[in-house]
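Each chain, written out:
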Amino acid sequence: MIGILSQKHGFGKKKSLVVWLALGLLCLNMAGLTFYIFESYKLFFNSDAAVANILAKEIVLSKNLFPPQWWYANDDLWVFYKHLLLIPWDLAGKNSFFAHSVSVSIIILVMLALVWAFLQKLGLSLANTIMGCVAITTAYSQMFLQEVYGEVAYTWYFILMLAFLLLIHKIFFEKNSFKALWIVLFFVLIYLFVIANPLRLLVYYVAPFACALFFVIYIPWSEKKSLDVSHYGAYIPATLVYGALFLIAFFGGIIHRNEIFDMVHHVSGANEIHLITLQDLPFHIAYSILGFFYFIGVEWGDNVKLKSFIGIASILKLFLYPFVFFAPLLVAKERFYSLTKAQQFVIILSYAGFGIIFFLYAFSSLQDGAYAAKRNIRYILPFVMMILLSMAIMWSLFSRKLRAIFTFTFLLALSTSYSNIVPENMQKELKEDKTLFEAIKSTGLKIGYAPYWDSHIYTVLSDGAFEIRPIDIFIKGGVSPTLWLSSDAWYKNDYASKGVFLLVPSHAYSEFNTTLERKLLPEASNKIVLEKYTLYIYKDNPLFKEEKSK
């Protein structure tokens, strides 16, 4: 989806014109993303995204980078993530959604700087480099925006992938006086990543990097092309040294990680996956494909008229988006020796990584249930971003006909991006949130409880006017602490001595009514009924009279 810009197109004024056109498209995309990050994303902001703000506050309160009272999930230790950027905001008493938006903006600017440096290292022209940035900043779908530019959870993995590739280039292929510094930085990143989650390091980096390296060496050998064995042999001593350093960083990180795990709470999650049974596998694979389509923007709502612009655009996307997504791989296969070794490596890395992650989605319970496989396929994000860059890398090798298809598809994506950035129901949803905040403020209470997905989100969106902590409301009746990305301190007897409110969403009414019928909770002193919630007010905290232990 790169458009009409090429390394071989344009000379003099024409070349300057296409560069300015590319810059104009990038500025247009950045303006849209800015509005989305600071305003539209309020509609899609969720508790997973809000946890960074919450954890930053817990770090400040505990004066510990790994708060001992915090419950980590999925075997992830938050080592370097956007929560670090939010710590100064909390120290200044400004921990809010605006702080989240500023932190995300900083991350996006760092990402674009790395993309720029990365594409320049690969030898792309100025126009193609800019269009690479345009390709990854286009609003293909609301899910793409939410994951890449809203929560930025897996955008972080994409950024680190670029950082690793740039460091590898500096270490192995550049002569500079800072080589020792780049080597140290490379292995420090490995060490920190192992502390965060060694399994993710192996899946996201080691496996795809190994696949790419294997094929870059194997393909010329298998096709009886010239293979300078002595050239590769010269790398053996360095490979042994760097391999030893990797093992030191890896196992050193494992030891350090285990020491930290002994001092904090943690619960398993996505790391404990199993294969989908054969009878359910076709269904799960189909929903994983639908999830991929949904992520890249191939989906339409109910009652879309075929004769309408949206209907025609949706049908075109159904056929064009998957085609242009895999076209760079097909062209790279045909024109493999027209690419530099670095470009070959990047193309194979991008699609190998995508294949590995998609396989895990389709064949395992990484996202338990078919619906989850469709709606939450965000783990593919780093490699989707790499494939978007691969389109810029491969542009000069595309035929005229293929360039025309890519240009049309890109223009189609641009034509529908506004509706993704500015949703139709935005003002209505924001008004409902404002009504909820006013109702909570009218109680005079500062502390409340709600199911996980209705807790952290409103703590941050209210700019800390009140704190809503997560609880589980069970179908058989009963209320329990949510020991998942939460703090033990919230469930102790002395946490809310002046009373609390319970925020019960409409989908949990029946479970909560069962709790009341079984008299597992006392009668509320007041109740406020809203459109999506019921607010129960208690003068005394009725929950968690006994302190919970690990």
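The present account deals with the structure reproduced in this document. Please read all numbers here as calculations on a predicted model, not as lab measurements.

Considerations on the environment of Val-331
Relative to the helices and strands, Val-331 is located in helix H13 (residues 309–334). What makes Val-331 buried here is its relative accessible area of 14%. Along the primary structure Val-331 and Met-394 are separated by 63 residues, whereas in three dimensions their C-alpha atoms are 7.8 Å apart. Among all residues touching Val-331, those that are not within four sequence positions of it are Met-394, Leu-397, Phe-398 and Leu-402.

Some points on the packing of aromatic side chains
Tallied over the entire structure, the rule returns 58 aromatic pairs. Consider the rings of Phe-164 and Phe-186, whose centres lie 5.4 Å apart with planes at 75°: the pair is edge-to-face. A residue pair is termed long-range when its members are at least 10 positions apart, and Phe-164 in helix H7 (residues 155–173) and Phe-186 in helix H8 (residues 179–196) qualify at 22 residues. Accessibility assignment for this pair places Phe-164 and Phe-186 in one class, buried. Residues Phe-250 and Phe-251 carry aromatic rings whose centres are separated by 5.4 Å and whose planes lie at 85° to one another, so their mutual orientation is edge-to-face. Classification of Phe-250 as buried rests on a relative accessible area of 13%. Overall, the relative accessible area of 48% leaves Phe-251 in the partly exposed class. For the cation-ring pair, Arg-200 lies above Tyr-379, with the distance from its terminal atom to the ring centre recorded as 5.5 Å.

Focus: the environment of Ser-103
In this fold, Ser-103 is placed in helix H4 (residues 97–121). Separated by 14 residues in sequence, Ser-103 and Trp-89 have C-alpha atoms that sit 9.7 Å apart. In this structure Ser-103 touches Leu-85, Leu-86 and Trp-89, once residues within four positions along its chain are discounted. Of the polar contacts made by the side chain of Ser-103, one reaches the backbone oxygen of Ala-99; its length is 2.9 Å.

A closer look at the environment of Pro-481
As for its placement among the helices and strands, Pro-481 is situated in strand S5 (residues 479–481). For the pair Pro-481 and Tyr-491, spaced 10 residues apart in the sequence, the C-alpha separation amounts to 6.7 Å.

As for the sheet that holds strand S4 (residues 467–473)
The six strands lie next to each other as S5-S4-S3-S6-S8-S7, forming an open sheet whose pairing is mixed. The open sheet is flanked by S5 and strand S7 (526–529), the only strands paired with a single partner. The sheet shows a mean angle of 30° between the axes of neighbouring strands, direction not considered. In this sheet, S4 lies alongside strand S3 (residues 447–451) in parallel orientation, the contact comprising five bridges. Along S4, the bridge assignment pairs Ile-447 with Glu-467. Along the sheet face, helix H21 (residues 509–517) touches S4, S5, strand S6 (500–505) and strand S8 (533–538) and points at about 30° away from the line of S8.

A few points about the side chain of Asn-29
As for its position among the elements, Asn-29 is in helix H1 (residues 13–38). When its relative accessible area of 8% is taken as the criterion, Asn-29 is described as buried. Reaching out from Asn-29, the side chain makes a polar contact with the side chain of Thr-138 at a distance of 3.1 Å. Apart from the residues lying within four places of it in its own chain, the contact partners of Asn-29 are Val-134, Thr-137, Thr-138 and Leu-414.

Quick word on the packing of H8 against helix H11 (residues 236–261)
The interhelical angle for the contact between H8 and H11, taken along N-to-C directions, is 40°, at an axis separation of 8 Å. Accordingly, the angle class assigned to the pair H8 and H11 is oblique. Viewed along their axes, H8 and H11 form a crossing whose handedness is right-handed. Only Tyr-242, Leu-245, Phe-246, Ala-249, Phe-250, Gly-252, Gly-253, Ile-254, His-256, Arg-257 and Ile-260 of H11 make contact with H8, whose side of the interface consists of Lys-179, Ile-183, Phe-187, Ile-190, Tyr-191, Val-194, Ile-195 and Ala-196.

What to know about unusual backbone geometry
Most of the time, phi is negative for any residue but glycine, and the peptide bond is trans. In this structure, Asp-75 is a non-glycine residue whose phi angle is positive, near 60°. Along the chain, the position of Asp-75 falls in the loop between strand S1 (71–73) and helix H3 (83–91). Although it is not a glycine, Val-152 sits at a positive phi angle of roughly 55°. In this structure, Val-152 sits in the loop between helix H6 (142–151) and H7.

Calculation rules
Residues numbered from 1 in each chain as written. Predicted model: local features only at pLDDT ≥ 70, side-chain atom pairs only at ≥ 80, totals over all residues. Heavy atoms only, no water. Helix = DSSP H or I, 4+ residues; strand = E, 2+ residues; numbered from the N terminus. Buried < 20%, exposed > 50% of the residue type's maximum accessible area, 1.4 Å probe, protein only. Contact = heavy atoms within 4.5 Å. Phe/Tyr/Trp six-rings, centres within 6.5 Å; stacked < 30°, edge-to-face > 60°. Lys NZ or Arg CZ within 6 Å of the ring centre and 35° of its normal. Polar contact = N/O pair within 3.5 Å; in protein donor to acceptor, adjacent residues only side chain to side chain. Pairing = 2+ DSSP bridges. Axes fitted to C-alpha atoms, helices over the stretch in contact; angles between N-to-C directions. Parallel < 35°, antiparallel > 145°, perpendicular 65-115°, else oblique. Left-handed = near helix turned anticlockwise from the far one by under 90°.

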